[in-house]
Amino acid sequence: MALYVDKYRPKDLEKLDYHKKQASWLKGLVNGGDLPHLLVYGPSGAGKKTRIMATLKELFGSGVERLRIEQQVFTTQSKKKIEIRTLSSNYHIEVNPSDVGIQDRVVIQELLKNIAQTQNVAVTAVQDDKERKKAFKVVILTEVDRLSRDAQHALRRTMEKYMQSCRLILVCNSTTKVIPAIRSRCLGIRVPAPSSSEIVGILNYIAKKESLNLPQELAQKIAQSSTGNLRKAILMLEACRVKQYPFSADQDVILPDWEIYIRDTANEIIKEQTPQKLFDVRQRLYELLSHLVPPQLIFEELLQRLLEKTDDSIKGRIIAEAALYEHRMHLGSKPIFHLEGFVAKYMAVYCEYQEEAAAMFD
Amino acid sequence: MANEVPWVEKYRPEKFTEIVGNEETVARLEVFSRQGNVPNIILCGPPGVGKTTTILCLARLLLGSSFREAVLELNASNDRGIDVVRNKIKMFAQTKVTLPPGRHKIIILDEADSMTEGAQQALRRTMENFSKTTRFALACNTSDKIIEPIQSRCAVIRFGKLSDAQVLAKIIDICRKENVSYAEDGLEALVYTAQGDMRQAIGNLQSTHVGFGHVNGKNVFKVCDEPHPLIIKEMIEYCAKGDIDEAYARMQTLYSLGYAAEDIVSNMFRVTKTNQTLPEYLKLEFIKHIGLTHMTVLQGLGSLLQLTALLADLCQTIEIKS
Amino acid sequence: MAKISLGMKRKATESSNLERNSEAQSWIDRFAPQSKEKLAVHKKKIEEVESWFARNLISKKFEKGKAPILLLVGPTGSGKTTSLRVVAQDLDIHIKEWLHPITQESNTAQGSAWREGGQQDYPKESVVEHFMDFIFQGSRYNSLFDNDSQRIILLEEIPSIFLRKPEEFHEALRRYQAFGRCPLVIILCETSSSREFKLFPPEIKRELQIHTISFNPIANTLLHKAIRDIIIEASKVCGKNFTHPMDSVVESVVQSCQGDLRLAVNLLEMNCMGTAKKLANFEKKKPKATKKDSKAATTGIGAKDSSLYLFHSLGKILYSKREDKIIHELPQHLKLYERPPTKEVPEEVFERTCVSQDLFTRMLENNAVNFYGSVKSASNCAEFFSLGDHVNATWDPSGVLDSLAISVTMRGLMFHLEKAKGKTHFGTFKKPTYDRRKTDDLALQVRHEFLMHGTSTEMLVSDILPYTFIIRPPDLSQGQWDVLNQCVLVRKSQMNTRQIEISEKDVFDEDDEVRVGETDFEAGEKVLETVSGAAEEFEIEEIDFN
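Residues numbered from 1 in each chain as written. Chains lettered and ligands numbered in written order. Predicted model: local features only at pLDDT ≥ 70, side-chain atom pairs only at ≥ 80, totals over all residues. Heavy atoms only, no water.

**Thoughts on the overall build of chain C**
Helix and strand content of chain C: 25 helices and six strands. The 546 residues of chain C split such that 55% are buried. Here the analysis covers contacts within chain C between residues at least 6 apart in sequence; of these, 76% occur between residues at least 24 apart. Here chain C has roughly 25,700 Å² of accessible surface; of this, 52% comes from carbon and sulfur atoms. (Helix = DSSP H or I, 4+ residues; strand = E, 2+ residues; numbered from the N terminus. Buried < 20%, exposed > 50% of the residue type's maximum accessible area, 1.4 Å probe, protein only. Contact = heavy atoms within 4.5 Å. Areas by Shrake-Rupley, 256 points an atom, 1.4 Å probe, with all protein chains shown as cover.)

**Quick look at the overall build of chain A**
The helix and strand tally for chain A stands at 15 helices and seven strands. The buried share among the 362 residues of chain A stands at 53%. Contacts spanning at least 24 positions in sequence make up 70% of the contacts within chain A whose residues lie at least 6 apart. A total of about 16,600 Å² of accessible surface is found on chain A, and carbon and sulfur atoms cover 49% of it.

**Observations regarding the nonpolar core**
With 66 residues, the main nonpolar core has F360, L364 and Y372 of chain C as its most contacted residues. With eleven residues, helix 15 (residues 335–360) of chain A is the largest single contributor of residues to this core. Among all residues touching Y372 of chain C, those that are not within four sequence positions of it are P275, L278 and E340 of chain A together with S377, A378, C381, A382, F385, L417 and E418 of chain C. With 49 residues, the next largest nonpolar core counts V26, A59, A189 and V191 of chain B among its residues. (Core = buried A, V, L, I, M, F, W, Y, C linked by side-chain atoms within 4.5 Å.)

**Some words on the environment of Y467 of chain C**
Along the chain, Y467 of chain C falls in helix 22 (residues 457–471). What makes Y467 of chain C buried here is its relative accessible area of 0%. Residues Y467 of chain C and R181 of chain C lie 286 residues apart in sequence; the distance between their C-alpha atoms is 46 Å. Those residues in contact with Y467 of chain C that lie beyond four places of it in its chain are K232, L235, M236, A239, I254, L255 and P256 of chain A.

**A closer look at helix 11 (residues 257–271) of chain A**
For helix 11 of chain A, spanning 15 residues, the distance from its first C-alpha to its last is 21 Å, which sits close to the expected 21 Å at 1.5 Å a residue. What helix 11 of chain A keeps buried is the set D257, W258, E259, I260, Y261, I262, T265, A266, I269 and I270 of chain A. Tucked into the core, helix 11 of chain A has its buried residues touching helix 10 (230–243), helix 12 (275–290), helix 13 (295–308) and helix 15 of chain A together with helix 22 and helix 23 (478–487) of chain C. (Expected span 1.5 Å × (residues − 1).)

**Regarding the interface of chain C and chain A**
In this assembly, 65 residues from chain C lie in contact with 68 residues from chain A. Taken together, the two surfaces of chain C and chain A that pack against each other cover about 6,200 Å², and 61% of this comes from carbon and sulfur. Between chain C and chain A we count five salt bridges in total. Here R447 of chain C makes a salt bridge to D99 of chain A, at a shortest N to O gap of 3.0 Å. In this structure, the connection of chain C to chain A is made through 19 residue pairs in polar contact (both at pLDDT 80 or more). For the side of chain C that touches chain A, the secondary structure elements donating two or more residues are helix 18 (357–368), helix 19 (375–391), helix 21 (436–449), helix 22, helix 23 and helix 24 (494–504) of chain C. Of the residues in the side of chain C that touches chain A, the class split is 29 nonpolar, 21 polar and 15 charged. (Buried area = accessible area lost by both parts, 1.4 Å probe. Salt bridge = Lys/Arg side-chain N within 4 Å of Asp/Glu carboxyl O. Polar contact = N/O pair within 3.5 Å; in protein donor to acceptor, adjacent residues only side chain to side chain. Nonpolar A, V, L, I, M, F, W, Y, C, P; charged D, E, K, R; others polar.)

**Brief notes about the interface of chain B and chain C**
Interfaces are frequently sized by the accessible area removed from exposure as the parts join. Across the contact, 81 residues belong to chain B and 89 residues belong to chain C. Of the roughly 7,700 Å² buried between chain B and chain C, counting both surfaces, carbon and sulfur atoms make up 59%. Inspection of the region where chain B meets chain C yields five salt bridges. Here R322 of chain C makes a salt bridge to E280 of chain B, at a shortest N to O gap of 2.6 Å. Put simply, chain B and chain C have 15 residue pairs in polar contact (both at pLDDT 80 or more) between them. Only helix 2 (23–35), helix 5 (82–94), helix 6 (117–129), helix 7 (148–153), strand 5 (155–158), helix 14 (261–274) and helix 15 (280–298) of chain B provide two or more residues apiece to the side of chain B that touches chain C. The dominant element in the side of chain B that touches chain C, judged by the number of residues it contributes, is helix 15 of chain B, at 13 residues. Residue classes in the side of chain B that touches chain C are distributed as 30 nonpolar, 25 polar and 26 charged.

**Description of the packing of helix 21 of chain C against helix 23 of chain C**
Residues and elements named next belong to chain C. The interhelical angle for the contact between helix 21 and helix 23, taken along N-to-C directions, is 140°, at an axis separation of 10 Å. Considered as vectors, helix 21 and helix 23 are oriented oblique to each other. Relative to helix 23, the crossing made by helix 21 is left-handed. Residues L442, Q445, V446 and E449 of helix 21 pack against G479, Q480, V483, Q486 and C487 of helix 23. Its residues assigned to classes, the contact of helix 21 with helix 23 comprises four nonpolar, four polar and one charged. (Axes fitted to C-alpha atoms, helices over the stretch in contact; angles between N-to-C directions. Parallel < 35°, antiparallel > 145°, perpendicular 65-115°, else oblique. Left-handed = near helix turned anticlockwise from the far one by under 90°.)

These values are about where atoms sit, not about what they do.
Structure, rendered in structure tokens:
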């Protein structure tokens, strides 16, 4: 799959387009000596993965780019078998432990143990001092903020134990859910979202390389709709090209299907507030959930769209209610209940407000 | 005294007529038993209401003298993994037992909802293949833990909790037979703590009798170790009036007696549920607050302060304007 | 009896012994359809099975190394095995079924007690070896009972080891395709687990060209027809022991089995067995039922035991009938919260259903929306669902929290449900259709196919997948296309059309409480018919697409 996102992803630290200071600092870190455990965090699409791969390339050479998919099987204490797929090269292995749900602790412990044990053989064989420093394997753990508390505590212990033979790079969107013990064992690398102008710059670069004529207004529009998510911006560019080329300045920016669906749902809610409409909205929410859109995302997007069309006087109340339902959704196990609760509450508050407004004019 | 058979077993009914409770359901099964062609059945219901007893009575009635050889009973304490289902059950289903015409061997699977899905799938084929010679009776607490293919091969029969009167009658009967000295409030306490579970009631009766001799309210609550419902009832009723001081006095008594916060809160729930004097709105709000507090308690915070906060929430309900 | 030659000799002897005792058979076996016309499955499905046979079996020697494999999936009781058997009988094809052997019981004393007469089953051979032996030899050699007729191998009971190690199963299938001499038919009953995905992932289906025929729950019209036929036959054969059921009984059986014909026949059997005299006695013996119960009870013995009971209980909560007068008073500032007491105690209603808290809550939630009178009551009720889920968030081994949560939800609902102004309640009850496990399966597929692009499902679903669908890069694999098609949202959801059906249905008079059992299901039946009809058509189109 050769999307622009993959084709134009910088592979070297020197070639990164923004946060250049951070890039050169990373380069220095790698060459200077040992690599500590890293905790790379930042919003989605800011470039965390890109920087990690570039760092690895700096460390190990271009061998890291040859990736293969492996299936690993672990056994829990209760003899249950857990399978997980990993993406690896000869120097590193990337895995998302929260894929397996509550057994993520087992995955972390067993995986790191396996890697550490296979490495020991390699270490003794190495003579050169400089080489020895690099005789460790790198384990990239993604979505560490979704790890259970058990898994994080296990991770902390494992990090210490196997420091010699493997280095961890933890990736997450926000460090709030990462326990302080882990945060203190890692070097934190914050990758902020690129600015609109930086995104426009990259879009122009890609357009030039692809021999496309990209009107600046369109580039600006794309950069704004992507809200700091570079991956999304580049995907949007490619989608726009597929939909209509040559580009026109007033071309529509293509939003992902679920965003459009949620926007339509919000419009439905504003249009009519009756139990029948609530029923329809619920069906739509189920559609979203069965198409794997995360409940968190649904909530945020829906709230945003609703607030755009809500009167200021009730905005505060709506946001307070939204926070309450979101909290419950997080703690509970059936997101649909809370989503629907929020929508129903919105309808009720909105109705009340409309009635009051009407009464005032009487 | 040491060799005494537990009364739960001693007084387990052996005939349909002796079974207490769920008369309609039991009568229905009796009709089947007289014809001989009993379908596969799933009996579901809360513990202690007579599921296993009824199946055994049914088996006795149908099979008469061949009862021992023609019935296989497996419950959750037996190994019931996939292999056991295939091997043991299949072998039993294949063995030849001389039976009156039209009768089948019976395999009883107690606590069937704890069987894994794989074991249930294996069971499904076995049920089909041996349907001519063997009938299955599964007992469980909730019917939705049984996979659909098995539910569709069986008749689902529901057992409900026994009424207080039924439990009381049986207890009095046993008291007479065993010469137990009792007081009215003791029987009331037994019925209250049993909550429709006959096994619990009889077990508590025997424990109280053996431990304390005389079965009165105080002794029963010592055995069951629950906060006395009267205290809780008073506490709730003061809350309904908004009288925090009186309610708190009672809470403090219970807390200092050493009862766990969890027990206190779950008993508050039980009492509120069945209370006849509270208006519906208050009941609703009370149960809501009790639920939230119970959750907090389970997360580890069961201090007196939390319980008092619950009382405060309850008392405020009557005062807060909507 | 159908011509099914089985791998186990034991069963043959037993069945011949008991043939005389056919009264011991259940109706499922006794009145099984013997011909295509009697099958309660949709004609098109049967034709699909037949055409597969025509393509792959009848007097055709298929290319070596390409033994055809057919997969039948569908919910329980939808007629998979029966259709296969009838079609095979029609075309004079022998079915050889593999039955899981009894493996040697290792150490338990109890195990040895059951080995009567020195029956030694299979020596240390593993189940997998036995399986492989069977399907290879079965395909090569005729049994003694066969003539020159064609044969197929049937696999319905999959060895459990294959569920743990699906790769071995795939390997076995590959070997079979390479060396087998006759078609292999596999029947898989789809419960809620992901067995189909594990055992037959899309890449295996493509590689081995496995044809899948998906059976639907049986439509109500076909159910009715099948039941009527069985009643006619039974009345001829069973003589005195048969009581003709009332129409209302038949109706309630059809409604409660939800497309599962086996369940319907079982329920029917329960309701019809026994002489009329015995039934009358039974009615007399019953304790004095209340007026509420008597109506439901007279509809037959089985009525209370079917899953209809669950719907009845939902109705009791959702209709929340109340007495006329207010008994407990509230102070002035809370006057608007006064209500007359309800006729039912919610906790008792729930306990009598004997289902888990989780299922009951989901069913309430699925159906409560028909009873929201206004947005305000909708909001209040939805709040209680949310609250109930919140309370239930902590793990409580003693189960008290479960009962608390459902109590909160039920009471909240009963309190806040109001009648819409001027309208009476309407509603047909449905089981919830959203299946968390299917979504988890889909997530698994997404991760498998798109692993190269990232390991975070959230990122894949929100960014990469939607745009990849629009961009359509030429080098996408088939598997990736499958996933994309399933993940991308269709603008106009199929769901919407169904909803309009329901709200236009008759709104009946809710004074007659027990009508939950009767009129409800008239409306329900019409909806179910249109729904299943629509669903069937939709299904068939999907398959033609392949």
